[in-house]
Amino acid sequence: MSRNPVSEIIRGITRDNPIFGLVLGLCPALAVTTSVENAIGMSAGTFFVLFCANIFVSALRKQIPSTVRLPIFIIIIATFVSIVDMVMEAFFPPMYAALGVFIPLIVVNCVIIGRAEAYANKNNVFYSAIDAIGASIGFLLVLCLIGGIRELLGTGQIVTFGYTLISSPIDPAMTTMILPPGAFLTIGILMAIVNYQKARKAARGG
Amino acid sequence: MVEKALFAIFMEGVFIKNFLLIQFLGLCSFVGVTKDVKSAAGMSGAVIFVMTMAASVSYFLYTYILEPAKMEFLGLISFIVVIAALVQLVEFVVRKNIPALYRSLGIYLPLITTNCAVLGVVLLNVLSEYNFIQSLVFGVAAGIGFTIVMLMMSGIRERSNLVNIPSSVRGLPQAFLVATMLSMAFVNYFWVIPI
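Just so it is clear, the structure is predicted and the values come from calculations on it, not from any experiment.

Remarks on helix α7 (residues 116-127) of chain B
At step 1: Taking 1.5 Å per residue as the helical rise, α7 of chain B with its twelve residues ought to reach 16 Å, and the 16 Å between its terminal C-alpha atoms agrees with that figure.
At step 2: The element α7 of chain B is extensively covered by neighbouring structure, given that ten of its twelve residues are classed as buried.
At step 3: Among the residues of α7 of chain B, those classed as buried are Cys-116, Ala-117, Val-118, Leu-119, Gly-120, Val-121, Val-122, Leu-123, Leu-124 and Asn-125 of chain B.
At step 4: Where α7 of chain B is buried, its residues contact α2 (26-31) of chain A together with α3 (37-66), α4 (75-97) and α8 (132-160) of chain B.
At step 5: Just downstream of α7 of chain B lies Glu-129 of chain B, where phi reads positive at about 55°.

This is how it looks when you write it as structure tokens:
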């Protein structure tokens, strides 16, 4: 089994991408992507929880009896989510207010329990940490893409932490894009594009 | 903020803050289990039951154990344990007493533990500082809203499988595009029923 840290990270971004590859963690991907800023905040929280949970699960994998492993995973994850929840509330109140109930809901984010079950439970600590980094980068990129599209079309500009990145001459802005339907529309079209590319690659014999 | 009419809370749970289409809670089951009406109905039934139970049990847990002991920070961990335990309990009871229902629900019962809609109800109840009756009403309403959307979605998806569309849109992208239309309809409740 030949693998190295770099290829594992790339696998997390492309083939095992949480949103498009594995179709996990859809709830936060749609709910908090009204702006790039929220997308980054959500990804940061998810990264911390995924990283710590993967390391813990991997380190304890020989001690955890396999029949009760899921409840144990959930309790490990819930502990780290509580930490993120309290830290965000104390240090980033505006972000905490914007993300709202979705910070505590990281605990039921299927990406985290999916990686714990499918990867960290079977691999050593180092590769579990690498896997967490890869999956988090993949998650971050997709969230920023969806957030960017929605913010640009919905408000006419992308403002991240006080800096205006892009402003477009769309007038009037399509407010629907930052309302819930815009999220479904964006992810539906992006998924169709990903499927099309996959099919084309397969047809070329890739 | 506690003085909210029960009817307002009910309508909020079913339509205005619909869990699937407006709040994006429970999307995994939304795209996973809506391939046919029968399993969508089974899943919805189980979700209504667990949601109602979780809303009431977690209310007592939070108000009478966690709050007096100043241990609100344990809320998240204890809620998830309560939900997991409830799902187990429901599974035992249903399997023992109503085997036919158990067979038709199948694997959907254990899946509810990781359904963010259930935890969402519990967390929103705590966040909005609802009392017991209000929590219960919101739990039932959220379950009903969930059921309505699951049934609509599965009906539409059953029909739309027969439509001739490009192969790369078939499946999930198609489900999301249908959800876009449904969501557009639900967004308008913001203006129809001002609260």
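From this point on, the discussion continues.
Here's the deal with unusual backbone geometry
Residue and element names in this part refer to chain B.
At step 1: For Phe-24, which is not a glycine, the phi torsion comes out positive at approximately 55°.
At step 2: With respect to the helices and strands, the residue Phe-24 is situated in the loop between α1 (6-16) and α2 (27-32).
At step 3: Residue classification places Phe-24 among the buried residues on the basis of a relative accessible area of 4%.

A short note on the pairing of strand β1 (residues 157-160) of chain A
All names here are of chain A.
At step 1: Here β1 shows a buried face lined by Ile-158 and Thr-160 and an unburied face lined by Gln-157 and Val-159.
At step 2: Where β1 lies against strand β2 (residues 163-167), four bridges are found, and the strand directions are antiparallel. Counted as the bridge partner of Thr-160 is Tyr-163 from β2.
At step 3: Counting the residues between successive antiparallel strands, the hairpin from β1 to β2 contains two residues, one of them, Phe-161, with a positive phi of roughly 50°.

Considerations on the interface of chain A and chain B
Where interface size is given, it is often the accessible area lost as the parts come together that is meant.
At step 1: With 33 residues of chain A at the interface, the matching set in chain B holds 36 residues.
At step 2: Summed over both partners, the interface of chain A with chain B buries about 2900 Å², with 88% contributed by carbon and sulfur atoms.
At step 3: For chain A, the biggest contributors to the area lost against chain B are Cys-27, Val-108 and Phe-184 of chain A; these three give 22% of the whole.
At step 4: Across the chain A-chain B interface, the total number found is zero salt bridges.
At step 5: Connecting chain A to chain B are two residue pairs in polar contact (both at pLDDT 80 or more).
At step 6: Elements represented by at least two residues in the side of chain A that touches chain B include exactly α2, α4 (69-91) and α8 (180-203) of chain A.
At step 7: The dominant element in the side of chain A that touches chain B, judged by the number of residues it contributes, is α8 of chain A, at twelve residues.
At step 8: Residue classes in the side of chain A that touches chain B are distributed as 28 nonpolar, five polar and no charged.

Points about the domain arrangement of chain A
Residue and element names in this part refer to chain A.
At step 1: Domains assigned within chain A are domain 1 (1-145) and domain 2 (154-206).
At step 2: Domain 1 and domain 2 are separated by 23 Å when their C-alpha centres are compared.
At step 3: On the domain 2 side, the residues contacting the eleven residues of domain 1 number twelve residues.
At step 4: Here domain 1 and domain 2 share an interface that buries about 1000 Å² over both sides, 81% of which is from carbon and sulfur atoms.
At step 5: The three residues of domain 1 that bury the most area against domain 2 are Phe-20, Leu-30 and Glu-37, which together make up 54% of that side's buried surface.

Some points on empty space enclosed by the protein
At step 1: Within this structure, the stated rule accounts for one cavity of 30 Å³ or more.
At step 2: One number sums up the size of the largest cavity: a volume of about 90 Å³.
At step 3: Lining the largest cavity are 13 residues, with Cys-27, Pro-28, Leu-105 and Asn-109 of chain A together with Cys-116 of chain B positioned closest to its centre.
At step 4: Considering each element in turn, the lining of the largest cavity owes the most residues, three residues, to α2 of chain A.
At step 5: Looking at the lining of the largest cavity residue by residue, the class counts come to eleven nonpolar, two polar and no charged.

Reading guide: rules and limits
- Residues numbered from 1 in each chain as written.
- Chains lettered and ligands numbered in written order.
- Predicted model: local features only at pLDDT ≥ 70, side-chain atom pairs only at ≥ 80, totals over all residues.
- Heavy atoms only, no water.
- Helix = DSSP H or I, 4+ residues; strand = E, 2+ residues; numbered from the N terminus.
- Expected span 1.5 Å × (residues − 1).
- Buried < 20%, exposed > 50% of the residue type's maximum accessible area, 1.4 Å probe, protein only.
- Contact = heavy atoms within 4.5 Å.
- Pairing = 2+ DSSP bridges.
- Buried area = accessible area lost by both parts, 1.4 Å probe.
- Salt bridge = Lys/Arg side-chain N within 4 Å of Asp/Glu carboxyl O.
- Polar contact = N/O pair within 3.5 Å; in protein donor to acceptor, adjacent residues only side chain to side chain.
- Nonpolar A, V, L, I, M, F, W, Y, C, P; charged D, E, K, R; others polar.
- Domains from an automatic or database assignment.
- 1 Å grid on protein atoms, 1.4 Å probe; cavity = no way out; pocket = protein on both sides within 12 Å on 5 of 7 lines; lining within 4 Å.
- Points joined across faces, edges and corners; volume = space filled by probe spheres on them.

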